[in-house]
Amino acid sequence: MINVTQEAQEHLLKASQENDNQYPRLAIIGTGCSGYQYGWYFADPDNLVPGDEIIDLENGCKLVIDDVSFMYLYGATITIEKDEFGSTLEVSNPQSDECGGCPSNASIKSCGP
């Protein structure tokens, strides 16, 4: 399960509507100071990849996460942070060790011994 706050859902819905109703897509990509970074994109609803997880949000918006990223995002919470410069989607992930000073970057915790 991935949790999305009400305010973040509203932000995602607005972004979707402003981009021809494409679905917001969250992915973990290999980059950043610790090897991984969260990336936000848009997905064409007619061209989704087999295995994509589609999360139906309470406000009718759909969030797409590829199957590999979903495995690493399980239990995460998506919030929106606002300041004088605008809004940013933030991912709080219990499976990551966040890199100090790099909130969009993460290293994924290892499982097992």
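Chemist: Help me out: how do you make sense of the sheet that holds strand 7 (residues 86–92) in this one?
Modeler: The pairing of strands in a sheet happens through backbone hydrogen bonds and is either parallel or antiparallel. Spatially, the three strands line up as an open sheet ordered 1-6-7, and their pairing is mixed. Taken across any chain shown, the strands that pair with only one partner, and hence form the sheet edges, are strand 1 (3–4) and strand 7. Note: strand 1 against strand 6 (residues 77–83), two bridges, orientation parallel. Its bridge partner being in strand 6, Val-4 is matched across the sheet by Ile-78. In the packing of helix 1 (residues 6–18) onto the sheet, the strands contacted are strand 1, strand 6 and strand 7, and the crossing angle to strand 6 comes to about 80 degrees.

Chemist: Teacher, can you tell me more about the packing of aromatic side chains here?
Modeler: Between two aromatic rings, the relevant description is the distance of the centres plus the angle of the planes. If you walk through the whole model with that rule in mind, you get one aromatic pair. Where Phe-70 meets Tyr-74, the ring centres are 6.4 Å apart and the plane angle is 75 degrees; that geometry is what we call edge-to-face.

What counts, and at which threshold
- Residues numbered from 1 in each chain as written.
- Predicted model: local features only at pLDDT ≥ 70, side-chain atom pairs only at ≥ 80, totals over all residues.
- Heavy atoms only, no water.
- Pairing = 2+ DSSP bridges.
- Helix = DSSP H or I, 4+ residues; strand = E, 2+ residues; numbered from the N terminus.
- Contact = heavy atoms within 4.5 Å.
- Axes fitted to C-alpha atoms, helices over the stretch in contact; angles between N-to-C directions.
- Phe/Tyr/Trp six-rings, centres within 6.5 Å; stacked < 30°, edge-to-face > 60°.

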